[in-house]
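Each chain, written out:
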Amino acid sequence: MSEDLYTKLREYMDNLPGGYPATDTGVEIRILKKLFTPEDAELVMKLEQKAEEASAIGARIGMDAATAAERLEDMAKRGLIFRIREGDTVQYRPISFLVGIYEFQLNRLDLEFVKMWEEYVPHLGLSFAPLENKQLRIAPVDSSIQDLPSVATYNRIRESVKEQELIAMMPCICRRKEGMLGNPCERPEDLCFSFGQFGQYVLDNEMGKRISTEEALKLLDLAEESALVLSPANTQELSFICCCCGCCCGSLKRLKQLPNPADFCRSYYLASIDPDSCTACGDCMERCQVDAIKEGDVMEVDPARCIGCGLCVSTCPTEAIELVATEDPKTPPKDFDDLLHKLAQERGVA
């Protein structure tokens, strides 16, 4: 009975926009058993994909409002469902495993979960690879686009951050995970931004702290100084920004293993090096997180590998590098709900 319940939960999770594919080893079931009690599993599978108040959910499934509110809030606190708080109104909805449940396990990480996740994440990555609608995109660091004639508003991250009313900062779960596996990263850990409803969720679950706009801008400077790739949600409106390194970030780590990372991420730029100005100092190669710079008499960009993050531009001592806009860039979905809808349509689970 228990196995059947978690198999059904796995199928339910796979019908959410982000998916949750089965494996031959059953590691995905072991993960679900660790996170969800049988009672959790039964309840979450009764949730509709739209956000609802606890009283409405309780009325629909035959549970009194107080019990429904208590159980739903408990699951939200454990990062298993999403909570939307607007004034006195609180609503709940299911969330995909990635992006979603995994990141929200920040305060519950242990070595058992981390090892199971490392076993499972390649399967998730393979399921994401063919999708046109990516959950994340690459945004250029601000200094790399200062001299460009035309930059879309959604690619001006600093300007977008200035418009946010609520900004939360939480530790990077990927760098924390790698530390638990014995691979500590020298880059700063507290560099994962959340905004709006995501930021409120982070604060309510005590995963991070609220920061001011000025603090956020200084942390963006630190991220660029630390050679971290800006990876916001693939949306025009900000909901979160991951600051990623090639040694810890699950996405970048796996992109690096491919011969053509550029084909598997949503990016809007490509780095270009002027051979007449390049002195082959190697600074750009050291900062690149996906090994897109080739060394020779002068440094060269491999266009199949470059993801257009701009980290190589600002530190070039001879200003030999610039970003060039890619052809026919695709405008991201408007917001995270729009992205989820497009993902669900593409995966045939809408």
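Cut-offs and rules
Residues numbered from 1 in each chain as written. Predicted model: local features only at pLDDT ≥ 70, side-chain atom pairs only at ≥ 80, totals over all residues. Heavy atoms only, no water. Salt bridge = Lys/Arg side-chain N within 4 Å of Asp/Glu carboxyl O. Helix = DSSP H or I, 4+ residues; strand = E, 2+ residues; numbered from the N terminus. Buried < 20%, exposed > 50% of the residue type's maximum accessible area, 1.4 Å probe, protein only. 1 Å grid on protein atoms, 1.4 Å probe; cavity = no way out; pocket = protein on both sides within 12 Å on 5 of 7 lines; lining within 4 Å. Points joined across faces, edges and corners; volume = space filled by probe spheres on them. Nonpolar A, V, L, I, M, F, W, Y, C, P; charged D, E, K, R; others polar. Contact = heavy atoms within 4.5 Å. Pairing = 2+ DSSP bridges. Axes fitted to C-alpha atoms, helices over the stretch in contact; angles between N-to-C directions. Left-handed = near helix turned anticlockwise from the far one by under 90°.

Q: What should I look at first to understand the pattern of salt bridges in this one?
A: Side chains that carry opposite charge are capable of pairing whenever their charged atoms lie near each other. This model, assessed by the stated rule, comprises 26 salt bridges. Its salt-bridge partner being R93, residue D337 comes within 3.0 Å of it at the nearest N-O pair. Here D337 is found in helix α14 (residues 336-347), whereas its partner R93 is found in strand β3 (residues 89-94), with 244 residues between them in sequence. For the salt bridge of K334 with E237, the shortest nitrogen-to-oxygen distance reads 2.7 Å. Placement of K334 in the loop between β12 (321-325) and α14 and of E237 in the loop between β7 (229-232) and β8 (240-244) is noted, with a sequence separation of 97 residues between them. The exposure class assigned to K334 is partly exposed, which follows from its relative accessible area of 46%. In this structure, a network of salt bridges that share partners links the residues E48, K50, E52 and R60.

Q: Whenever I open this one, empty space enclosed by the protein confuses me. Can you help?
A: Empty space among the atoms becomes visible once a probe the size of a water molecule is rolled across them. The final tally for this structure, using the stated rule, is three cavities of 30 Å³ or more. Lining the largest cavity are 14 residues, and of these A271, C288, C306, C309 and C312 sit closest to its centre. A breakdown of the residues in the lining of the largest cavity according to their chemical character gives 12 nonpolar, two polar and no charged. Within this model, the second largest cavity holds a volume of roughly 80 Å³.

Q: Could you clarify how one ought to interpret the environment of A22 in this entry?
A: Looking at where A22 falls in the secondary structure, it is placed in the loop between α1 (2-14) and α2 (27-35). For the pair A22 and D335, spaced 313 residues apart in sequence, the C-alpha separation works out to 29 Å. Here A22 is in contact with R10 and E28, once residues within four sequence places are set aside.

Q: Just to check I follow, could you spell out the layout of surface pockets for this structure?
A: Estimated volume of the largest pocket: approximately 1100 Å³. Lining the largest pocket we find 48 residues, and of these L98, F128, L136, G250 and S251 sit closest to its centre. Broken down by secondary-structure element, the contributors of at least two residues to the lining of the largest pocket are α6 (97-101), α7 (111-128), α9 (173-180), β5 (192-195), α10 (196-204), β8 and α12 (250-256). At eight residues, the largest contribution of residues to the lining of the largest pocket is made by α7. Its residues assigned to classes, the lining of the largest pocket shows 33 nonpolar, eight polar and seven charged. By volume, the second largest pocket amounts to about 770 Å³. In terms of lining residues, the second largest pocket is bounded by 34 residues, among which F195, Q197, F198, S239 and F336 are the most central. For the lining of the second largest pocket, the elements supplying multiple residues, two or more each, are β2 (81-86), β3, α6, α10 and α14. Considered class by class, the residues forming the lining of the second largest pocket number 15 nonpolar, 11 polar and eight charged.

Q: What is the right way to read the sheet that holds β7 from this model?
A: For sheets, the rule is that strands pair by backbone hydrogen bonds, running either parallel or antiparallel. With antiparallel pairing, five strands are arranged side by side in an open sheet as β6-β4-β5-β8-β7. The two strands at the open ends of the sheet, each matched to only one other strand, are β6 (209-210) and β7.

Q: Just checking my understanding: could you explain the packing of helix α4 (residues 54-61) against helix α5 (residues 65-77) for this structure?
A: When two helices pack together, their arrangement is captured by the angle between the axes and the distance separating the axes. Relative to each other, α4 and α5 sit at 115°, their axes nearing to 8 Å. The crossing of α4 and α5 is right-handed. Touching A54, S55, I57 and G58 of α4 are A65, A68, A69 and L72, all from α5. Tallied by class, the residues present in the contact of α4 with α5 amount to six nonpolar, two polar and no charged.

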